[in-house]
Amino acid sequence: MSKYLVFGHQNPDTDAIGSAIAFSYYLERKGHESEAVALGEPSAETAFALNHFSLDSPRVVETVANEVDRVALVDHNEPQQSVADLAEVTVDYVVDHHRINGFNTANPLFYRAEPIGSTCSVIYKMFAEQNIDIPQSIAGIMLSALISDTLLLKSPTTTAEDKDIAEALAKIANVDLQEYGLEMLKASADISQQTDEELVNADAKSFSLNGHDVRIGQVNVIGFDEILARKEGLLSVMEEEVQNNEFNLFLLVITDILENDSVGLVAGINRPIVTTAFGNEVIDSQIALPGIVSRKKQVVPPLTDVYDAL
Ligand code: MN
Ligand code: MN
């Protein structure tokens, strides 16, 4: 039987890497040969979590068709967020918690998506349904992914199931949920060692909204002062990305993970759309986004509505 490569989206977050590790383990327990890989280097937060649970960072790949015929996608399905040569391999599995857009296959496949806090939450349910024990280190990275995606169970994407799953994973991982969660989120919010390019691009995702190319990045911080002192530098990186890639809009969502509030920086010709979507003025390329923490649930849907009405 041929080997699977399992990977999350480009610019991987902790859920992209954690769910690749967890689902690769799932496939192995189901008798397949499998390897978790990543479409980019782990963030500081992901590195913190991998290190905490003594896991190796997955190998970074640029292409997959040179290695395998079959792949499993986790934490994404949109082709523009996936590996460059996705069209050259067969997707046998998708496990995800995002909207489905632009994804199609020639053959039937296993596809599981749930509107739940993290892809690792979905995989936890699969382990439970199949009576597969979760090793401590894998429970640890799955818990980290769930904490990361839900900002320690406070994002509106968090479901009652996620809360139960977090408790169960914390028990297996042998950590205190709140204590470990805050420690990990603080690692994600240390921006002092990151360049403007890294802050703008590290978590950015591309979306096609009614045919318009929109790029949305997100940065976690504790307090806005330090990052807004770097606003000019961040905006010039964003303008350059817009020019080079012909994005209609680049929105960088800066989220205070303790206050659960955001500020947006805006570049590109479609900036009036941001005002319409969020009901606040864009002043000096900046917009207040009070109460907004989730790109998936609070940023992409209002932008989609405005683009759909154009
Ligand atoms: Mn993700
Ligand atoms: Mn996710």
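Provided above is the structure to which this section pertains.
Parameters and conventions
Residues numbered from 1 in each chain as written. Chains lettered and ligands numbered in written order. Predicted model: local features only at pLDDT ≥ 70, side-chain atom pairs only at ≥ 80, totals over all residues. Heavy atoms only, no water. Helix = DSSP H or I, 4+ residues; strand = E, 2+ residues; numbered from the N terminus. Rg over C-alpha atoms; globule rule 2.2 N^0.38 Å. Buried < 20%, exposed > 50% of the residue type's maximum accessible area, 1.4 Å probe, protein only. Lys, Arg positive; Asp, Glu negative; His and termini not counted. Charge placed at Lys NZ, Arg CZ, Asp CG, Glu CD. Axes fitted to C-alpha atoms, helices over the stretch in contact; angles between N-to-C directions. Parallel < 35°, antiparallel > 145°, perpendicular 65-115°, else oblique. Contact = heavy atoms within 4.5 Å. Expected span 1.5 Å × (residues − 1). Arc of directions from axis to C-beta. Donors = N, O, S within 2.8 Å, 3.2 Å for Na, K, Ca; no water. Core = buried A, V, L, I, M, F, W, Y, C linked by side-chain atoms within 4.5 Å.

(A) Region of interest: the overall build of the protein chain. On a plain count of helices and strands, the protein chain comes out with eleven helices and eleven strands. Expected size for 310 residues packed as a compact globule is a radius of gyration near 19 Å; at 19 Å, the protein chain falls within 12% of this value. Reported as C-alpha extents along the three principal axes, the dimensions of the protein chain are approximately 55 × 45 × 35 Å. Counting only residues that meet the buried cut, the protein chain has 57% of its 310 residues in that class. Counting 20 positive and 48 negative side-chain charges, the protein chain places the averaged centre of each group 6 Å from the other.

(B) Geometry of unusual backbone geometry. For D75, which is not a glycine, the phi torsion comes out positive at approximately 60°. Secondary-structure assignment places D75 in the loop between strand 4 (70-74) and strand 5 (90-96). Here D284, not a glycine, exhibits a phi torsion of approximately 50°, which is positive.

(C) Spatial organisation of the packing of helix 3 (residues 119-129) against helix 5 (residues 160-173). Packing of helix 3 against helix 5 leaves a shortest axis separation of 10 Å and a crossing angle of 70°. Accordingly, the angle class assigned to the pair helix 3 and helix 5 is roughly perpendicular. On helix 5, the residues that touch S121, Y124 and K125 of helix 3 are E161, D162, I165, A168 and L169.

(D) Examining helix 5 more closely. Helix length check: helix 5 (14 residues) gives 20 Å between terminal C-alpha atoms against 20 Å at 1.5 Å per residue, within 8%. Of all the residues in helix 5, the buried ones are D162, I165, A166, L169, A170 and A173. Seen along its axis, helix 5 keeps its buried residues to an arc of 135°; they face one direction. Exposed residues lying more than 90 degrees from the buried face of helix 5 are A160, D164 and K171. Where the residues of helix 5 are buried, they touch helix 3, helix 4 (136-150) and helix 6 (177-188). Two residues or fewer after helix 5 comes N174, characterised by a positive phi angle close to 60°.

(E) Focus on the coordination of the manganese ion (ligand 1). The coordination sphere of the manganese ion (ligand 1), as far as protein atoms go, consists of H9 (NE2), D13 (OD), D13 (OD) and D75 (OD), spread over 2.1 to 2.7 Å. Motif for the manganese ion (ligand 1), donor spacing along one chain: H-x3-D-x61-D. The metal-metal distance between the manganese ion (ligand 1) and the manganese ion (ligand 2) is 3.5 Å, with D75 serving as a donor to both. Per residue, the accessibility class of H9 equals that of D13, and both read buried.

(F) Here's a closer look at the coordination of the manganese ion (ligand 2). Within the protein, the manganese ion (ligand 2) binds to D15 (OD), D75 (OD), H97 (NE2) and D149 (OD); these donor distances fall in the range 2.1 to 2.2 Å. In the primary sequence, the donor residues of the manganese ion (ligand 2) line up as D-x59-D-x21-H-x51-D.

(G) How the structure looks around the nonpolar core. In this structure, F23, F127, M142 and L143 are the most contacted members of the largest nonpolar core, which totals 53 residues. Residues within four places of L143 in sequence aside, it is in contact with A166, L169, A170, V175, L177 and Y180. Listed in part, the 20 residues of the second largest apolar core include V214, A277, V299 and L303.

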